[in-house]
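# Report on the structure
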Amino acid sequence: MGLTVVTPLAFPPQGRPGAPGVQTGFGQVTYTDRTIGVEDTFLPGVRQQLMFAPGALQTQDLLNPPFAGHHFFVDNRIVPRAMGDLYDMRVNLLVTADQAGAQLRLDIDTGSTLGPLQSDTTSLFAGAGITERATFSFSVQVLATFLANGAVFFLQATKPVTVISETLLLMPKSTQPGP
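What this report covers is the structure whose coordinates are included nearby. Since the model is a prediction, treat every value here as computed from it, not as a measurement.

Before going further, it helps to examine a nonpolar patch on the surface. The grouping of Met83, Leu143 and Leu147 at the surface amounts to a nonpolar patch, some 260 Å² of accessible area in total. Relative to the elements of secondary structure, Leu147 occurs in helix α1 (residues 144-149). What makes Leu147 partly exposed here is its relative accessible area of 39%.

As structure tokens, then:
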């Protein structure tokens, strides 16, 4: 089966860049772990916390005020800034399944008695042993339980998988008065 050839697009000239030093929006921060450890193996049907290795964590912080300087990801937990803030998040995983046809569910959990704050699912289409990308999206508002406990990610697979790389992209969308 051959690869599809993609033809590059020609774009017209873009407008002038903004003034130097001018910030727009709240920015974003990315946390990435590209190491493989024992915590990156997921057995079928077992809900297990998705772990980023602290010593291997790479951060690209492009946050603007009032989020600049806030550390959102501490000890594998999302730490919100203030009650009522709204965050969009993308979790991007590179995974290899031991068997074809695995399905993945990722929960963002604040420890609420009502269960996970949100869940997203995806199916893997590549054959066994082939690395594949899985992306999960969340849009969450900071409420009392999230503010008190933070939030963690839990992954569950229908077949054995190994996570090769984890990336969390967090984009603040709205702000409320600070802490």
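The residue after Pro65, namely Pro66, is reached through a cis peptide bond having omega 5°. Secondary-structure assignment places Pro66 in the loop between β4 (58-63) and β5 (73-74). A positive phi angle, close to 50°, is found at Asp75, a residue other than glycine. Judged by relative accessible area, which is 70%, Asp75 ranks as exposed. The backbone of Asn76 shows a phi angle near 60°, a positive value even though the residue is not glycine. Inspection of the secondary structure puts Asn76 in the loop between β5 and β6 (77-78). Here Asn76 falls in the buried class, since its relative accessible area comes to 9%.

Glancing now at the packing of aromatic side chains. Describing an aromatic ring pair means giving the distance of the ring centres and the angle of the ring planes. On inspection of all chains with the given rule, the structure shows 8 aromatic pairs. Measuring from ring centre to ring centre gives 6.3 Å for Phe67 and Tyr87, while their planes differ by 75°; the resulting arrangement is edge-to-face. Of the two residues, Phe67 sits in the loop between β4 and β5 while Tyr87 sits in strand β7 (residues 86-97), which places them 20 residues apart along the sequence. The same class applies to Phe67 as to Tyr87, namely buried. In this structure an aromatic cluster arises from ring pairing among Phe26, Phe67, Phe72, Tyr87 and Phe146. Lying across the ring of Phe154, Arg47 places its NZ or CZ 4.1 Å from the centre.

Turning our attention to the nonpolar core. The biggest cluster of nonpolar side chains holds 35 residues, and the ones touching the most others in it are Ile78, Met89 and Phe153. Residue assignment for this core shows that the elements contributing at least two residues are β1 (27-33), β7, β8 (103-109), β10 (131-141), β11 (152-157) and β12 (161-174). Considering each element in turn, this core owes the most residues, 6 residues, to β7. With residues up to four places along the chain from it excluded, the contact list for Ile78 reads Phe72, Phe73, Met89, Ile108, Phe146, Gly150, Ala151, Phe153, Leu168 and Leu170.

About the cut-offs
Residues numbered from 1 in each chain as written. Predicted model: local features only at pLDDT ≥ 70, side-chain atom pairs only at ≥ 80, totals over all residues. Heavy atoms only, no water. Patch = residues over 30% accessible without salt bridge, like charges linked within 9 Å, V, L, I, M, F, W, Y side chains within 5 Å. Areas by Shrake-Rupley, 256 points an atom, 1.4 Å probe, with all protein chains shown as cover. Salt bridge = Lys/Arg side-chain N within 4 Å of Asp/Glu carboxyl O. Helix = DSSP H or I, 4+ residues; strand = E, 2+ residues; numbered from the N terminus. Buried < 20%, exposed > 50% of the residue type's maximum accessible area, 1.4 Å probe, protein only. Phe/Tyr/Trp six-rings, centres within 6.5 Å; stacked < 30°, edge-to-face > 60°. Lys NZ or Arg CZ within 6 Å of the ring centre and 35° of its normal. Core = buried A, V, L, I, M, F, W, Y, C linked by side-chain atoms within 4.5 Å. Contact = heavy atoms within 4.5 Å.

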